[in-house]
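Each chain is listed here by its residues.
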Amino acid sequence: MSWSLYCWTLVLVVLCTAGLSLTESDYLNEWVAEISGGEDRAHEIARRNGYEIVESIDNFADHYVLKRHDTPHRSKRSSHHHTKRLIDDGEVTWAEQQVAKSRV
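First, a word on scope: everything that follows refers to the structure included in this document. (Residues numbered from 1 in each chain as written. Predicted model: local features only at pLDDT ≥ 70, side-chain atom pairs only at ≥ 80, totals over all residues. Heavy atoms only, no water.)

This next bit is on helix H2 (residues 39-48). Of all the residues in H2, the buried ones are Ala42, Ile45 and Ala46. Buried residues in H2, looked at end-on, bunch into an arc of 100°, giving them a common side. Residues Asp40 and Arg47 are exposed on H2 and point more than 90 degrees away from its buried face. Contacts made by the buried residues of H2 are with strand E1 (26-35), strand E2 (52-56), strand E3 (63-67) and strand E5 (92-100). Backbone geometry just after H2 places Gly50 at a positive phi near 90°. (Buried < 20%, exposed > 50% of the residue type's maximum accessible area, 1.4 Å probe, protein only. Helix = DSSP H or I, 4+ residues; strand = E, 2+ residues; numbered from the N terminus. Arc of directions from axis to C-beta. Contact = heavy atoms within 4.5 Å.)

Given below as structure tokens:
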């Protein structure tokens, strides 16, 4: 293999690898959930499922940011089992684990 072909191949591999790493997401130990019944009821449901409520979301009634302290702050894998357990609670309408977004 000629030297220039080797260099261009190496550049292509580096660019492809860099592109892949830019598209990977980090899952956070935070969820957004819709829990009806008011803030006191939401705190009770969150506590029952192993979460704490960080804040309510302005302009979205009954939507809260929840946090789990027994999961890593950032992870390459989602905590699907925690999300499923939360959704399976009859008083939680909707829940989604949050993903970190990087600014470009």
